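Inside the fold
Chain by chain, the residues:
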Amino acid sequence: MSARPEATSALARLQPALARLPGTRAWQQWRAATLAQLVADGLPTPRDDSWKYTNLRLLERRELATAAPRPLPSDVLQALPAAQGPRLVYVDGRFHSALSDSELPAGMSRTSHATLLDGPPPPEQSGPVDADLRLRSLNLCMAVDGARLLLAGGSAPARPLEIVHLHTGGGAYPRTRLELGAGAKLALIEYQLGVDPADAFVAAVTDIVLGPGATLTHTTVQLASDRAVLVDDTHVSVGRDARYSHRLVALGGQLARFDLRVDLDGAGAEADLRGLLFADGTREQHIRTLLDHRVPHCSSAQLYRGVAGGRGRGSYDGKVIVRAGAAKTSSRQSSRNLLLSKDAAIDTRPQLEINADDVKCAHGATTGTLDENMLFYLLTRGLDRQTARALLTYAFVGDVLKCIEPQALRQMIERRALGRLPAAETIREFIA
Amino acid sequence: MSNIQKGNSILEISGLKVNVQGKAILKGLDLTVRAGEVHAIMGPNGAGKSTLSQVLAGRPDYAVIAGHATYLGEDLLALAPEERARRGLFLGFQYPVEIPGVNNVYLLKAALNARRRHLGLQEVDAFEFLAIVKEKMVLMQMDESFLKRGVNEGFSGGEKKRNEILQMTVLEPTLAILDETDSGLDIDALKVVANGVNSLRADNRAIVLVTHYQRLLDHIVPDHVHVLAGGRILKSGDRGLALELERRGYDWVLEEANAE
Ligand SMILES: Nc1ncnc2c1ncn2[C@@H]1O[C@H](COP(=O)(O)OP(=O)(O)O)[C@@H](O)[C@H]1O
Ligand SMILES: [Mg+2]
């Protein structure tokens, strides 16, 4: 018995929803044209090189339109650690003032993406949209709200800013823009959090611009519902002597993908990216990074760890480009992946494209099982097999976990990550 | 454990044949070890000394194709590695494994409690454990930074060997098999390690020293010395045999065996 194919694609079924979206007539026209182009192009597929490891076909049966606001459970934020600083909460892409703090970090101002909908839309796309940009394009088509944040030059709030994206089911199109002025310094903690059992589709877009000498530590904690499909596209421009650190902890979702593009745009710019992906059960966790060294004297480091168990799937697809003239570039890229079962799989593709002389680049990617010598050593000390395996798995992800700050967040993540391991209880005492 | 008396059989190996990656390494090995004894197994490089040690600890990829090993009356080869450890069999590795990210002390505490559970004793808590381990660290002349480090992580060769002996003194095994614990140690470290081993000599346990050189035996005097070569125990004797091996090498033992 074969399933009856959907008469229309999930994207085509979005068309009626456009009429309900706010904005000028020009925006309405832009949306209609953009969606028509997306319907013609279709969602990216593994035939598109940048989507080689991610298959979105399960979206075809999903509802992509954003649902009308519905009441939230009162304990909806209980899954998160206590707020480390001012918190902005978006529910299915819409600002939720009751759950949010009214005060922002000192030196920060906020407007909404909604105000842009009163102005002119972007120029219309002519011809097919690059597979890389289609979900961005879909996000802009559907987004009705989103934070536009500016941290004034020289500001350095003591506490982190938190942005919580809640998904309740159906489409969510969070859109965030953050700009740090010269010398500004900020810690941003972003949560993607599902309200169970949300059958959500989340297409998030984040744009970050770091002015000269600015420092941003950006932590993304992905706790989407088990049935959610989440694609997150983040684009960062790092200015002269600025520093961007990203920490990704991907724990949730049915299928989640994180696209991170970092442009090192000013001399002395630095990027330090670390991430941890857990694909247990039938979960899929994908990460794709693009590090673009555009000018001399920049450095980038990537350290990703993936763990897949059950029938989990994952991928690391990371590319470093060193442009002509970007001398004195230093770039390190490491992806190590651990398979806990025979049916789990993680693909890796580290790519290095060097067009300049006098650069230092190192990259490596490995996928393997637990080290048999380590396992045997632990067994000869009397540990049972399950505990030994859990310990080694935990140790494997330790060097990413230990650099997550602040401590309350790290502890929450350790607890969550532990919960995903076999024999979590038995190794709790090992984690001091 | 306390009901083991001097002279009781601890380990009996007969006709043990082991293949490693399809190659015959042990070809019918016999050995009996009794409570209260210290045995030294000597032999040329590549003779199979580590293979024997690892097989006794339960290494899964070494195939036992014939023979028996009885440990405290049980079929040793039928037990999983962790079951052997909990019954008091301890292997000091020739090459201790580095396990970054797994804390040295937590591992040792878990190891001790696994053993205690098996013996029906109450588990020690973190506080009691620290008292035990600190006392043993004094004996092994190890400083307290070891407590915080990952298992063998970044340890020098000598530090790794000390750590193995520290583990042994805390776990108080019934049968300790120490594989080349002396290699890579300077004379001071050798004395410390020998002290640790000697502190464990008792009527109710046995120690098997696997070594290439006889110098360790100046500090830990064995009751029995065996030559492992050609996949078998070719010759056994007392301390004098070790001294003779040092003077004459191993070839004469092989020649003697071939002549038979
Ligand atoms: N993992 C292995 N793979 C292949 N050969 C091995 C392996 N381990 C040991 N051997 C071989 O088994 C033989 C015995 O080695 P070993 O037991 O380490 O000797 P010893 O400890 O007496 O020096 C040697 O010939 C060695 O090359
Ligand atoms: Mg050896």
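Please read these numbers as outputs of a predicted model, since none were measured by experiment.

Regarding the overall build of chain A
The number of helices and strands found in chain A is seven helices and 20 strands. Taken over the C-alpha trace, chain A has a radius of gyration of 22 Å; the compact-globule value for 432 residues is 22 Å, and the two agree within 12%. For chain A, the C-alpha atoms occupy an extent of roughly 70 × 60 × 45 Å along the three principal directions. By the burial criterion, 55% of the 432 residues in chain A qualify as buried. By sequence separation, contacts in chain A at least 24 residues apart represent 85% of the contacts at least 6 residues apart. Total accessible area computed for chain A in this model is approximately 17,400 Å², and 49% of it derives from carbon and sulfur atoms.

What to know about the coordination of the magnesium ion (ligand 2)
Residue and element names in this part refer to chain B. Here the magnesium ion (ligand 2) is held by the protein donor atoms S50 (OG) and Q94 (OE1), which lie 2.0 to 2.2 Å from it. One end of the pair, S50, is in helix 1 (residues 49–57); the other, Q94, is in the loop between strand 6 (89–92) and strand 7 (99–103), with 44 residues separating them in the sequence. Residue class for S50 comes out partly exposed when judged on its relative accessible area of 24%. Taking relative accessible area as the criterion, Q94 reaches 16% and is therefore assigned buried.

Description of the packing of helix 3 (residues 104–118) of chain B against helix 5 (residues 157–171) of chain B
Residues and elements named next belong to chain B. Taken N-terminus to C-terminus, the directions of helix 3 and helix 5 make an angle of 35 degrees; their axes are 10 Å apart at the nearest point. For helix 3 against helix 5, the interelement crossing comes out right-handed. For the pair helix 3 and helix 5, contact is made by N104, L108, A111, L112 and R115 and by N163, L166, Q167, V170 and L171, respectively. When grouped by side-chain class, the residues that make up the contact of helix 3 with helix 5 number six nonpolar, three polar and one charged.

Considering the pattern of salt bridges
All names here are of chain A. All chains considered together, the criterion is met by 38 salt bridges over all chains. Across the pair D132 and R288 runs a salt bridge, and its minimum N-O distance is 3.5 Å. Of this pair, D132 sits in the loop between strand 3 (108–112) and helix 3 (134–142) while R288 is found in strand 15 (residues 284–293), placing the two residues 156 residues apart along the sequence. For R288, a relative accessible area of 15% corresponds to the buried category. Through salt bridges with shared partners, a single network forms among R261, D263, D265, D292, R294 and R323.

Examining the site of ligand 1
All names here are of chain B. In the region of ligand 1, 13 residues are neighbours, and G46, G48, K49, S50 and T51 sit closest. Here a nitrogen atom of ligand 1 sits 3.3 Å away from a polar atom, N or O, in the side chain of Q21. In the environment of ligand 1, a nitrogen atom lies 3.4 Å from a nitrogen or oxygen atom belonging to the side chain of Y62. Its free accessible area being 560 Å², ligand 1 has 66% of it covered by the protein chains. Taken together, the elements giving at least two residues each to the shell around ligand 1 come down to strand 2 (23–34) and helix 1. With three residues, helix 1 is the single largest residue contributor to the shell around ligand 1. Residues that form the shell around ligand 1 fall into these classes: five nonpolar, six polar and two charged.

Things to note about the nonpolar core
If you look at the biggest cluster of nonpolar residues, it comprises 85 residues, and the most contacted ones within it are L166(A), Y191(A), I13(B), L29(B) and L175(B). Two domains each put at least three residues into this core: domain 1 (5–266) and domain 2 (371–432) of chain A. For L29(B), the residues in contact, after removing those within four places along its chain, are I13(B), S14(B), G15(B), L16(B), L52(B), L228(B), G231(B) and I233(B). Within the second largest apolar cluster, 46 residues are counted, among which are F90(B), A111(B), A194(B) and L200(B).

Here's the deal with the domain arrangement of chain A
All names here are of chain A. Examined at the domain level, chain A breaks down into domain 1 (5–266) and domain 2 (371–432). Between domain 1 and domain 2, the C-alpha centre-to-centre distance is 32 Å. With twelve residues of domain 1 at the contact, the number on the domain 2 side is eleven residues. If you look at where domain 1 meets domain 2, you find zero salt bridges. Linking domain 1 with domain 2 are zero residue pairs in polar contact (both at pLDDT 80 or more). Elements that contribute at least two residues to the side of domain 1 that touches domain 2 include exactly strand 8 (185–194), strand 10 (215–223) and strand 12 (243–250). Per element, the largest residue contribution to the side of domain 1 that touches domain 2 is three residues, and it comes from strand 10. Split by residue class, the side of domain 1 that touches domain 2 holds eight nonpolar, three polar and one charged.

A few points about the packing of aromatic side chains
The tally for this structure, following the rule as stated, stands at seven aromatic pairs over all chains. Here W27(A) and W30(A) contribute two aromatic rings whose centre-to-centre distance is 5.5 Å and whose plane-to-plane angle is 70 degrees, an arrangement assigned as edge-to-face. In this pair, W27(A) and W30(A) are both assigned in helix 2 (residues 25–41), three residues apart and thus about one turn of the helix distant. Across the pair, exposure class does not vary: W27(A) and W30(A) are buried alike. The structure contains a cluster of three or more aromatic residues connected by ring pairs, namely F376(A), Y377(A) and F93(B). Sitting over the face of the ring of Y377(A), R381(A) holds its NZ or CZ atom 4.7 Å from the ring centroid.

Overview of the layout of surface pockets
Considered as a void within the structure, the largest pocket measures approximately 880 Å³ in volume. What lines the largest pocket is a set of 36 residues, and nearest its centre among them are Y394(A), A395(A), G398(A), P100(B) and G101(B). Secondary structure elements with two or more residues in the lining of the largest pocket: strand 18 (330–339), strand 20 (360–368), helix 5 (385–401) and helix 6 (407–419) of chain A together with strand 7 of chain B. With eight residues, the single largest contributor to the lining of the largest pocket is helix 5 of chain A. Within the lining of the largest pocket, the residues separate by chemical class into 16 nonpolar, eleven polar and nine charged.

Thoughts on the pairing of strand 5 (residues 161–167) of chain A
Residues and elements named next belong to chain A. Within strand 5, seven of the seven residues are buried, which leaves it mostly tucked inside the rest of the structure. By the alternation rule, side chains of strand 5 split into L161, I163, H165 and H167 and E162, V164 and L166, which are all buried. When strand 5 meets strand 8, the two strands line up parallel, connected through seven bridges. Bridge pairing links H165 to Q192 in strand 8.

Examining the sheet that holds strand 6 of chain B
Residue and element names in this part refer to chain B. Ordered by their spatial adjacency, six strands build an open sheet running 6-9-10-3-11-12, and the pairing between neighbours is mixed. One side of each edge strand has no neighbouring strand; the edge strands of this open sheet are strand 6 and strand 12 (232–237). When the angles between neighbouring strand axes are averaged without regard to direction, this sheet yields 20 degrees. Sheet topology note: the strand 3 (residues 38–42)/strand 11 (residues 224–229) ladder contains four bridges and is parallel. Within the sheet, the bridge partner assigned to I41 lies in strand 11 and is H226.

Criteria and cut-off values
Residues numbered from 1 in each chain as written. Chains lettered and ligands numbered in written order. Predicted model: local features only at pLDDT ≥ 70, side-chain atom pairs only at ≥ 80, totals over all residues. Heavy atoms only, no water. Helix = DSSP H or I, 4+ residues; strand = E, 2+ residues; numbered from the N terminus. Rg over C-alpha atoms; globule rule 2.2 N^0.38 Å. Buried < 20%, exposed > 50% of the residue type's maximum accessible area, 1.4 Å probe, protein only. Contact = heavy atoms within 4.5 Å. Areas by Shrake-Rupley, 256 points an atom, 1.4 Å probe, with all protein chains shown as cover. Donors = N, O, S within 2.8 Å, 3.2 Å for Na, K, Ca; no water. Axes fitted to C-alpha atoms, helices over the stretch in contact; angles between N-to-C directions. Left-handed = near helix turned anticlockwise from the far one by under 90°. Nonpolar A, V, L, I, M, F, W, Y, C, P; charged D, E, K, R; others polar. Salt bridge = Lys/Arg side-chain N within 4 Å of Asp/Glu carboxyl O. Near = heavy atom within 4 Å. Polar contact = N/O pair within 3.5 Å; in protein donor to acceptor, adjacent residues only side chain to side chain. Core = buried A, V, L, I, M, F, W, Y, C linked by side-chain atoms within 4.5 Å. Domains from an automatic or database assignment. Phe/Tyr/Trp six-rings, centres within 6.5 Å; stacked < 30°, edge-to-face > 60°. Lys NZ or Arg CZ within 6 Å of the ring centre and 35° of its normal. 1 Å grid on protein atoms, 1.4 Å probe; cavity = no way out; pocket = protein on both sides within 12 Å on 5 of 7 lines; lining within 4 Å. Points joined across faces, edges and corners; volume = space filled by probe spheres on them. Pairing = 2+ DSSP bridges.

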